[in-house]
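# Structure at a glance
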Number of protein chains: 2
Amino acid sequence: MYRINTINFQAGLSVDCVIFGFHENQLKVLLMKLKNMEVWGLPGGFVRKDKNVDDEAEAVLEERTGLRDIFLRQFYFFGHLNRNDAQHVQDLIENEVVDPAMEEWFQQRFVSVGYYALVEYSKVQQPIPDDTSAYCSWVPITELPELILDHEYIIKKAHNTLKRELNYQPIGLNLLPELFTMPELQALYETVLQKDLDRRNFRRKMLAYQILVDTNKKRTGVGHKAPILYSFDKLRYFAAMKDGFSSGW
Amino acid sequence: MYRINTINFQAGLSVDCVIFGFHENQLKVLLMKLKNMEVWGLPGGFVRKDKNVDDEAEAVLEERTGLRDIFLRQFYFFGHLNRNDAQHVQDLIENEVVDPAMEEWFQQRFVSVGYYALVEYSKVQQPIPDDTSAYCSWVPITELPELILDHEYIIKKAHNTLKRELNYQPIGLNLLPELFTMPELQALYETVLQKDLDRRNFRRKMLAYQILVDTNKKRTGVGHKAPILYSFDKLRYFAAMKDGFSSGW
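Model, not experiment: these values are computed from the prediction.

On the chain B side, the residues contacting the 36 residues of chain A number 36 residues. Roughly 3100 Å² of surface becomes buried between chain A and chain B when both sides are summed, with 55% attributable to carbon and sulfur atoms. One can count zero salt bridges joining chain A with chain B. At the junction of chain A with chain B, the criterion picks out 18 residue pairs in polar contact (both at pLDDT 80 or more). When contributions to the side of chain A that touches chain B are tallied by element, the ones reaching two or more residues are β1 (9-23), β4 (44-48), α1 (53-65), β5 (72-78), β6 (111-118), α5 (182-193) and α6 (199-208) of chain A.

All names here are of chain A. The element β6 is largely enclosed, with a buried count of eight among its eight residues. Neither face of β6 is exposed, since Val111, Val113, Tyr115 and Ala117 on one face and Ser112, Gly114, Tyr116 and Leu118 on the opposite face are all buried. For β5 and β6, the ladder comprises six bridges, and the chain directions are antiparallel. Bridge pairing in β6 places Tyr76 opposite Gly114.

Another aspect to go through is the environment of Gly244 of chain B. Residue and element names in this part refer to chain B. The residue Gly244 is located in the segment after α7 (234-243) in this model. A relative accessible area of 13% places Gly244 in the buried class. In sequence terms Gly244 and Asn167 are 77 residues apart; their C-alpha atoms lie 8.8 Å from each other. In this structure, Gly244 is in contact with Tyr168 and Ala239, ignoring residues within four places of it in sequence.

Now for the packing of aromatic side chains. Residue and element names in this part refer to chain B. In the structure shown here, the tally under the stated rule is 39 aromatic pairs over all chains. Ring centres 5.6 Å apart and planes at 75 degrees place the aromatic pair Phe46 and Phe106 in the edge-to-face group. Of the two residues, Phe46 sits in strand β4 (residues 44-48) while Phe106 sits in helix α3 (residues 103-107), which places them 60 residues apart along the sequence. For Phe46, a relative accessible area of 14% puts it in the buried group.

With that settled, consider the packing of α5 of chain A against α6 of chain A. Residue and element names in this part refer to chain A. Running from N to C, α5 and α6 point in directions that differ by 100 degrees, and their axes come no closer than 11 Å. Judged by the angle between their axes, α5 and α6 are roughly perpendicular. Here Met182, Leu185, Gln186 and Tyr189 of α5 come into contact with α6, specifically with Arg199, Phe202, Arg203, Met206 and Leu207. A per-class count over the contact of α5 with α6 returns six nonpolar, one polar and two charged.

Glancing now at the relation of the copies chain A and chain B. For the pair of chain copies, the relating transformation is a rotation about an axis with a translation along it. Relative to chain B, chain A is turned by 180 degrees and slid 0.0 Å along the rotation axis, the superposed coordinates differing by an RMSD of 0.0 Å. Those values place the two copies in the arrangement expected of a two-fold rotation axis. In this assembly, 100% of the residues forming the interface of chain A have copies in chain B that are likewise at the interface, indicating an isologous arrangement.

Okay, helix α1 (residues 53-65) of chain B next. All names here are of chain B. A rise of 1.5 Å per residue sets the reference length of α1, with its 13 residues, at 18 Å; its end C-alpha atoms lie 19 Å apart and thus fit the reference within 8%. Within α1, burial applies to Val53, Glu56, Ala57, Ala59, Val60, Leu61, Arg64 and Thr65. A positive phi of about 75 degrees marks Gly66, the residue just after α1.

A separate point is a negative patch on the surface. All names here are of chain A. Negative charge collects at one region of the surface, where Asp54, Asp55, Glu58 and Asp69 lie side by side. Tracing the chain through its elements places Glu58 in helix α1. When its relative accessible area of 44% is taken as the criterion, Glu58 is described as partly exposed.

Quick look at unusual backbone geometry now. The phi angle at Gln194 of chain A is positive, at roughly 55 degrees, despite the residue not being glycine. Take Gln194 of chain A: it is sitting in the loop between α5 and α6. One non-glycine residue with positive phi stands out, namely Asn25 of chain B, at about 55 degrees. As for its position among the elements, Asn25 of chain B is in the loop between β1 (9-23) and β2 (26-34).

Let us now look at the nonpolar core. Counting residues in each nonpolar core, the largest one holds 46 residues, and the members touching the most others are Val53 and Val119 of chain A together with Val53 and Val119 of chain B. Excluding anything up to four places from it in sequence, Val119 of chain B contacts Ile19, Phe20, Gly21, Leu61, Leu67, Ile70, Val124, Trp138, Asn174 and Leu175 of chain B.

Rules and cut-offs
- Residues numbered from 1 in each chain as written.
- Chains lettered and ligands numbered in written order.
- Predicted model: local features only at pLDDT ≥ 70, side-chain atom pairs only at ≥ 80, totals over all residues.
- Heavy atoms only, no water.
- Contact = heavy atoms within 4.5 Å.
- Buried area = accessible area lost by both parts, 1.4 Å probe.
- Salt bridge = Lys/Arg side-chain N within 4 Å of Asp/Glu carboxyl O.
- Polar contact = N/O pair within 3.5 Å; in protein donor to acceptor, adjacent residues only side chain to side chain.
- Helix = DSSP H or I, 4+ residues; strand = E, 2+ residues; numbered from the N terminus.
- Buried < 20%, exposed > 50% of the residue type's maximum accessible area, 1.4 Å probe, protein only.
- Pairing = 2+ DSSP bridges.
- Phe/Tyr/Trp six-rings, centres within 6.5 Å; stacked < 30°, edge-to-face > 60°.
- Axes fitted to C-alpha atoms, helices over the stretch in contact; angles between N-to-C directions.
- Parallel < 35°, antiparallel > 145°, perpendicular 65-115°, else oblique.
- Nonpolar A, V, L, I, M, F, W, Y, C, P; charged D, E, K, R; others polar.
- Least-squares fit on C-alpha atoms with pLDDT ≥ 70 in both.
- Expected span 1.5 Å × (residues − 1).
- Patch = residues over 30% accessible without salt bridge, like charges linked within 9 Å, V, L, I, M, F, W, Y side chains within 5 Å.
- Areas by Shrake-Rupley, 256 points an atom, 1.4 Å probe, with all protein chains shown as cover.
- Lys, Arg positive; Asp, Glu negative; His and termini not counted.
- Charge placed at Lys NZ, Arg CZ, Asp CG, Glu CD.
- Core = buried A, V, L, I, M, F, W, Y, C linked by side-chain atoms within 4.5 Å.

Given below as structure tokens:
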């Protein structure tokens, strides 16, 4: 059962992490199945009084995935009253997910800072559950199970942020393997954007961004025309993440 | 002296509002001069336990400017430990800005949700100070005075957000008068972006966004060639604010 010494934690504040992975042309999110209950939740946690909030989100990411130094970004602050639910707290206690001594803590009003992360799926085959969860799993965002509180809304908001950000910054690092083909990169964009893109336009636009390196290697064993393998030019990639593509003003 | 009944407020949480206005080709921000102290701060406040955090930010905006239904957006959550400053709290009490009974409340660790707003300068000639401030004033962002805590960082972050968002959404509504010329719109962009833009490219790109309406009127009394007056097509403008310009993917 989950129990912490609440004196060390910031009252009424939590972090929630939407951890995205890309696998078999599906955008997936890491979810935790609660103990003894048929509902799922996002990886998250409370904020120690002596820690920066961003660092607490990083700690959640590392504890659940084992990964460090991963792209992780605040995307929204969830401060609506309707995100709190007294019945949910009762359920957590009755189902022995949370120690009854924690009831008062959980019954406070909570606001939450939302973060999203992009991680390499193949490196997180065995995500690590926390004290409230029986196991965790990668779930396609098109097939979400029943989620606690406003967690479905948090995931939607993270996905919408990602879609919007694609208009001025790249995606792919940590989601694709080190070497990838143009069709593989396009498939990632199509999956995130949930729409088909024209092959030629995609290629033209992507090359114009000047973030790809032609590795002079080809993917073999895929039929007649072996496609070129690219990698990201990391300096240019990170510059674009910071300042946006110069296609702007 | 500032005093609230803290039992009604969410512990350790505040909102800070960066309220932008555009006047005489300068981007200005609304600041409050603290009582009895030579430092300034952003309009902000605490969060009542029974209110949505976004609504509290709206209340701050309305109380300081008298304006309602104004563009106001969360842009960042400030959760770093170094934003708290015990000496600052002492100064507030010694200078009789804050009631000594509030010391314990102010000495807690505070995290803050940052919002920015774009308002019509001419409608806010007389901003309204709060209980901690002697007066308020519009200050060009290039000439900021000494600010409390991390408020200068908050303003920089808001300005950077605005610059980045110009890559995929419009600006101008509430910052420009109802009718404006293309050079006036360009001056706004140049001021926000802090760089010169090519006149022809600006015009071409802006017309392609299809958010402008040619009003068939001209600005008179400005010399030989009277420039066309435009207004925003509000439906298209709001659609672009929501989904971004379709120049994306």
